[in-house]
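Residue strings, one per chain:
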Amino acid sequence: MDALAQRLETVRANIARAAQSCGRAPEEITLVAATKTQTDETIRRAIAAGITVCGENRVQEFTAHLAAGAYEGARVHFIGHLQTNKVKYIVGKVDLIHSVSSDKLLLAIQRQAEKLDLVQDVLLEVNLAGEESKFGLTPEQVLPAAELAAGLANVRLRGLMCIPPPSTGPGKNLPYFANLTQLAVDIRQKIGDNRADVVYLSMGMSDDYQDAVCAGATHVRLGTALFGPRPPVLTNLGRES
């Protein structure tokens, strides 16, 4: 068993242990492999090892990997910051966009999805800690954004996403995860027709995913825990160096 497969086995065991400790089924949690800076070959190996969802942070990397057929056998989510002028490269090509951080972006996704005559699933990104270095809606902006999404014919709101501050130890980010969970509950109580669709909570990364699982995460986004320390950004994404 190679290192990637071993890490995947460890991560799955940790997710199962965390889920069972809080009365959840491990099957409720989707593992999203954050493939930022990984090569086509590494992505293929991850899928061969059992990864079913790849998460991309960068539009350029996503388009290169897609053209190379690197994602064959897996679904793809977009988990990084998305600029409005790049939605045409993403909408209709990924199963879920985790990082809708503004009404402007939501409307841009609607326009592109309408052009393609499809419905794009999205999550609203929430900046719970109010960090200036991060994108995302404030908690107060989430309900209006959810109501806006509910009125868009070509966008389906599936839930919320957050990137809390880097964890400084076990349990340190639990308050952020609990806040996102409660925010999702509040939204479901207040929005209309698609409240049953708002069931996803994308939260938890390599240093805090077990806490996120206990707080209700449905999706955890893991890079380092699966792939090890990230390699430098590659200039030729389609080849192994």
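Residues numbered from 1 in each chain as written. Predicted model: local features only at pLDDT ≥ 70, side-chain atom pairs only at ≥ 80, totals over all residues. Heavy atoms only, no water.

### Details of the overall build of the protein chain
In terms of helices and strands, the protein chain carries eight helices and eight strands. Over its C-alpha atoms the protein chain spans a radius of gyration of 17 Å, differing by no more than 12% from the 18 Å that the globule rule assigns to 241 residues. Its C-alpha atoms put the protein chain at 50 × 45 × 30 Å along the principal axes. Within the protein chain, buried positions represent 49% of all 241 residues. Within the protein chain, counting contacts between residues at least 6 apart in sequence, those at least 24 apart form 60% of the total. Of the roughly 11,100 Å² that the protein chain leaves accessible, carbon and sulfur atoms contribute 49%. Looking at charge distribution, the protein chain has the averaged site of its 25 positive side-chain charges lying 3 Å from that of its 26 negative ones. (Helix = DSSP H or I, 4+ residues; strand = E, 2+ residues; numbered from the N terminus. Rg over C-alpha atoms; globule rule 2.2 N^0.38 Å. Buried < 20%, exposed > 50% of the residue type's maximum accessible area, 1.4 Å probe, protein only. Contact = heavy atoms within 4.5 Å. Areas by Shrake-Rupley, 256 points an atom, 1.4 Å probe, with all protein chains shown as cover. Lys, Arg positive; Asp, Glu negative; His and termini not counted. Charge placed at Lys NZ, Arg CZ, Asp CG, Glu CD.)

### Comments concerning the confidence of the model for the protein chain
Averaged over every residue, the pLDDT of the protein chain is 92; residues scoring 70 or more account for 93%. Below a pLDDT of 50 lies the segment residues 234-241, which in the model reaches 14 contacts outside its immediate sequence neighbourhood of four places, other chains included. (pLDDT = per-residue confidence, 0-100.)

### Notes on helix 5 (residues 139-150)
Three- or four-residue spacings in an α-helix give side chains the same orientation, since the helix completes a turn every 3.6 residues. The terminal C-alpha atoms of helix 5 lie 17 Å apart, and with twelve residues this matches the ideal 16 Å at 1.5 Å per residue to within 8%. Three or more residues of helix 5 are buried, namely Val142, Ala145, Ala146 and Ala149. Angularly, the buried residues of helix 5 cover 105° about the axis, an arc narrow enough to put them on a single face. Where helix 5 is buried, its residues meet helix 4 (103-116), strand 5 (120-126), strand 6 (155-162) and helix 6 (174-190). (Expected span 1.5 Å × (residues − 1). Arc of directions from axis to C-beta.)

### With respect to the layout of surface pockets
By volume, the largest pocket amounts to about 480 Å³. Surrounding the largest pocket, 26 residues form its lining, Lys36, Asn57, Ile163, Met205 and Arg221 being those nearest its centre. Elements supplying a minimum of two residues to the lining of the second largest pocket: helix 1 (3-21) and strand 1 (30-34). Tallied by class, residues from the lining of the second largest pocket come to six nonpolar, three polar and two charged. (1 Å grid on protein atoms, 1.4 Å probe; cavity = no way out; pocket = protein on both sides within 12 Å on 5 of 7 lines; lining within 4 Å. Points joined across faces, edges and corners; volume = space filled by probe spheres on them. Nonpolar A, V, L, I, M, F, W, Y, C, P; charged D, E, K, R; others polar.)

### Some remarks on the packing of helix 5 against helix 6
Where helix 5 meets helix 6, the axes come as close as 10 Å, and the angle between the chain directions of the two elements is 35°. Judged by the sense of rotation from one axis to the other, the crossing of helix 5 with helix 6 is right-handed. Counting all contacts with helix 5, which are made through Pro139, Val142, Leu143 and Ala146, the residues of helix 6 involved are Leu183, Ile187 and Lys190. (Axes fitted to C-alpha atoms, helices over the stretch in contact; angles between N-to-C directions. Left-handed = near helix turned anticlockwise from the far one by under 90°.)

### Looking at the packing of helix 4 against helix 5
Between two packed helices, both the angle of their axes relative to each other and the distance between the axes serve to describe the pair. Contact pair helix 4 / helix 5: the axes reach a minimum separation of 10 Å and the direction vectors enclose 10°. Between helix 4 and helix 5, the crossing angle belongs to the class labelled roughly parallel. Between helix 4 and helix 5, the residues in contact are Asp103, Leu106 and Leu107 and Ala145, Leu148 and Ala149, respectively. Looking at the contact of helix 4 with helix 5 residue by residue, the classes come out as five nonpolar, no polar and one charged. (Parallel < 35°, antiparallel > 145°, perpendicular 65-115°, else oblique.)

### What to know about the environment of Glu140
Tracing the sequence through the fold places Glu140 in helix 5. Classification of Glu140 by relative accessible area gives exposed; the value is 62%. On a C-alpha basis, the gap between Glu140 and Asp2 in space is 46 Å, while along the polypeptide they are 138 residues apart.

### Digging into the pairing of strand 8 (residues 219-222)
Taking every second residue as pointing to the same face, both faces of strand 8 are buried, with His219 and Arg221 on one and Val220 and Leu222 on the other. Bridge analysis of strand 1 against strand 8 gives four bridges, and the strand direction is parallel. In the sheet register, Ala33 faces strand 8, and the bridge partner there is Leu222. (Pairing = 2+ DSSP bridges.)

### Some remarks on the environment of Thr84
Summarising the element assignment, Thr84 is placed in the loop between strand 3 (75-78) and strand 4 (96-100). Sequence separation of Thr84 and Lys104 is 20 residues, and the distance between their C-alpha atoms is 7.5 Å. Look past the residues within four positions of Thr84 in its chain and what remains in contact with it is Lys104, Leu105 and Ala108.

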